[in-house]
Amino acid sequence: MTYLGKILAVINVVLGVGLAIWSVSVYANRLPWYDPAPAPETIHPGHKPANFAFLRDELDRHGRAALTASQLWTQQRTRFEQLEQLRNARLRGYDEWIGFAKNGNPRDGGTGFYEPVYDPVTGLLDLTPPDPTRRRTPIVGIDNQPLRGVDTLGEQFVRDVAELTKLARQIDELRNRFRELGVELLQTEDRLRRMVIIRDNVLAELFYLTDAQWEVYEFRETVLRRQRQLSQRLAELR
């Protein structure tokens, strides 16, 4: 028993010394959770400061950052909603102006295109539709008239092409008629030339016969005059 007691006493001393050393080490290396000193400004790698004051400061910083982020998010969300409303409004404006470009503005005589106008405040294209109280400068064509909508111009172009095709056929018909009239004109000129030749021949013959008739008339008058003289002479001789 004495030997066993000594062994137990030695073990007890060793355990006691070990526990004492461990207790002193734990106490010496304890974390300063309740240390009121502020956290260090710089933290070296591997060093993890544990301090309620430091955690409280860090929590406050994260809270302020979260509050700032929330306020910024709210502002950005409001800004986004405003921009989305502006986008929808401008899309409706663009749709209306595209309708003008296609079919013309019914409130302005079918004008389809206008000179661009920019908002001096935002610098964006002014999409306010023109009306009698807010006139816009129309874009004119080569005829110095406002351009109509694309669909209207397309329909007018189709009508113009059809009319042009009709006029082209008429031109071809008139050219053929002109060619036929040219042939008829040549034939008529040839007939006229021959008629003129015939008329000249007839006139020449007429002039000849007229001269011959006057000669016959003079000869007849001479004969009749001589006959009268002879008759008068014979009457005297009787």
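Residues numbered from 1 in each chain as written. Predicted model: local features only at pLDDT ≥ 70, side-chain atom pairs only at ≥ 80, totals over all residues. Heavy atoms only, no water.

Caption draft 1: Here's a closer look at the overall build of the protein. For the protein, the count of helices and strands is 3 helices and 0 strands. Listing every helix and strand of the protein by position from the N terminus yields α-α-α. Counting only residues that meet the buried cut, the protein has 8% of its 238 residues in that class. Contacts in the protein between residues at least 24 apart in sequence constitute 45% of all its contacts with a sequence separation of at least 6. Surface exposure of the protein reaches about 20700 Å², of which carbon and sulfur atoms provide 62%. (Helix = DSSP H or I, 4+ residues; strand = E, 2+ residues; numbered from the N terminus. Buried < 20%, exposed > 50% of the residue type's maximum accessible area, 1.4 Å probe, protein only. Contact = heavy atoms within 4.5 Å. Areas by Shrake-Rupley, 256 points an atom, 1.4 Å probe, with all protein chains shown as cover.)

Caption draft 2: Looking closely at a nonpolar patch on the surface. On the surface, a nonpolar cluster with roughly 630 Å² of combined accessible area is contributed by Tyr-3, Leu-4, Ile-7, Leu-8, Ile-11 and Leu-15. Here Leu-15 lies in helix α1 (residues 2-28). (Patch = residues over 30% accessible without salt bridge, like charges linked within 9 Å, V, L, I, M, F, W, Y side chains within 5 Å. Salt bridge = Lys/Arg side-chain N within 4 Å of Asp/Glu carboxyl O.)

Caption draft 3: View of the pattern of salt bridges. Inspection of every chain in the model, using the stated rule, returns 6 salt bridges. Note that Glu-84 and Arg-87 form a salt bridge whose closest N and O atoms lie 3.3 Å from each other. A residue pair is termed a helical-turn pair when its members lie 3 or 4 positions apart in one helix, as Glu-84 and Arg-87 do in helix α2 (residues 52-103) at 3 residues. The class for Glu-84 is partly exposed, based on a relative accessible area of 29%. Across the pair Glu-184 and Arg-177 runs a salt bridge, and its minimum N-O distance is 4.0 Å. Judged by its relative accessible area of 38%, Glu-184 is partly exposed. For Arg-177, a relative accessible area of 40% gives the class partly exposed. One network of salt bridges, in which partners are shared, links Arg-177, Glu-180 and Glu-184.

Caption draft 4: Structural view of α2. Between its first and last C-alpha atoms α2 spans 74 Å; for 52 residues at 1.5 Å apiece the expected length is 76 Å, and the two agree. Inspection of α2 places Ala-53, Phe-54, Arg-90, Gly-93, Trp-97, Phe-100 and Ala-101 among the buried residues, and these make up the whole buried set. Of the residues trailing α2, Gly-104 is marked for its positive phi of about 90°. (Expected span 1.5 Å × (residues − 1).)

Caption draft 5: Spatial organisation of the side chain of Arg-90. With respect to the helices and strands, the residue Arg-90 is situated in helix α2. Sequence-distant contacts of Arg-90, that is, excluding residues within four places in its chain, are made with Leu-124, Leu-125 and Leu-127.

Caption draft 6: Main features of the confidence of the model for the protein. With 81% of its residues at a pLDDT of at least 70, the protein reaches an overall mean of 78. Confidence scores differ between elements of the protein, with α1 showing the lowest mean pLDDT of 76 and α2 the highest of 86. (pLDDT = per-residue confidence, 0-100.)

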